[in-house]
Amino acid sequence: MLKFPSGDRIVVNGAVIENVGRGARLRLLTPDTQLLRLRDAINPEATTTPVGRLAHTVQMMLVGELSPDVALSETLANLAVLRNAFVDSEDRACIDQVSAHLQETQFYQALRTLGRLRRKEAELLSVQIR
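No experiment lies behind these values; they were computed from the predicted model shown.

Enquirer: I'd love a proper account of the side chain of Thr49, names of residues and values included.
Expert: Looking at the secondary structure, you find Thr49 in the loop between strand E5 (35-37) and helix H1 (50-62). By relative accessible area, Thr49 is classed as buried at 14%. Of note is the side chain of Thr49, whose polar atom sits 2.6 Å from the side chain of Glu121. Apart from the residues within four sequence positions on either side, Thr49 is in contact with Glu121 and Leu125.

Enquirer: Summarise the nonpolar core; cite the residues concerned and give the values.
Expert: With 25 residues, the main nonpolar core has Val58, Leu82, Leu102, Leu114 and Leu117 as its most contacted residues. When contributions to this core are tallied by element, the ones reaching two or more residues are H1, helix H2 (68-85), helix H3 (89-103) and helix H4 (107-125). A per-element tally of this core places H1 first, with six residues. In this structure, Leu114 is in contact with Val51, Leu54, Ala55, Val58 and Val98, ignoring residues within four places of it in sequence.

Enquirer: So, the pattern of salt bridges: which residues are in play, and what are the values?
Expert: Enumeration over the complete set of coordinates arrives at two salt bridges. Asp96 is the partner of Arg83 in a salt bridge, and the nearest nitrogen-oxygen pair spans 2.8 Å. Highlighted residues: Arg83 in helix H2 and Asp96 in helix H3, separated in sequence by 13 residues. Taking the relative accessible area as the measure of exposure, Arg83 reaches 28% and is therefore partly exposed. Asp91 is the partner of Lys120 in a salt bridge, and the nearest nitrogen-oxygen pair spans 3.2 Å. With Lys120 in helix H4 and Asp91 in helix H3, the pair connects residues that are 29 residues apart, well separated along the chain. For Asp91, a relative accessible area of 9% translates into the label buried.

Enquirer: Can you tell me about the environment of Ala71, naming the residues and giving the values?
Expert: Inspection of the secondary structure puts Ala71 in helix H2. Between the alpha carbons of Ala71 and Thr33 there is a distance of 20 Å; along the sequence they are 38 residues apart. When near neighbours in sequence (up to four residues on either side) are disregarded, Ala71 contacts Thr57, Met61 and Leu66.

Definitions and limits used
- Residues numbered from 1 in each chain as written.
- Predicted model: local features only at pLDDT ≥ 70, side-chain atom pairs only at ≥ 80, totals over all residues.
- Heavy atoms only, no water.
- Helix = DSSP H or I, 4+ residues; strand = E, 2+ residues; numbered from the N terminus.
- Buried < 20%, exposed > 50% of the residue type's maximum accessible area, 1.4 Å probe, protein only.
- Polar contact = N/O pair within 3.5 Å; in protein donor to acceptor, adjacent residues only side chain to side chain.
- Contact = heavy atoms within 4.5 Å.
- Core = buried A, V, L, I, M, F, W, Y, C linked by side-chain atoms within 4.5 Å.
- Salt bridge = Lys/Arg side-chain N within 4 Å of Asp/Glu carboxyl O.

Right, here's the structure in full:
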């Protein structure tokens, strides 16, 4: 069950939908529906870090702007390189989860998990994320 306030925009399988009335609730009945709230979307100009760039690539696959056939193998390779940059076991476990989600083409789950890693990266680099 998802709640969307008035004016909220979401992307469902590549289509942007805006709630123009009062708050709405949706129940997704189709499994594996790719959905992203635009307020949660990563601005390409804010992708100045390795994890940010990786998250943006996953977001583009989620909304259908980038073909997984083209980008998935490179994204997994970049993730493997990133795994070597993080030394904390929790961070590496997070990266392993992202990798597993990507291999199962569960882009939304991968993006959510990358959110934790983006916060950790921001903490390490002392930068603010959107």
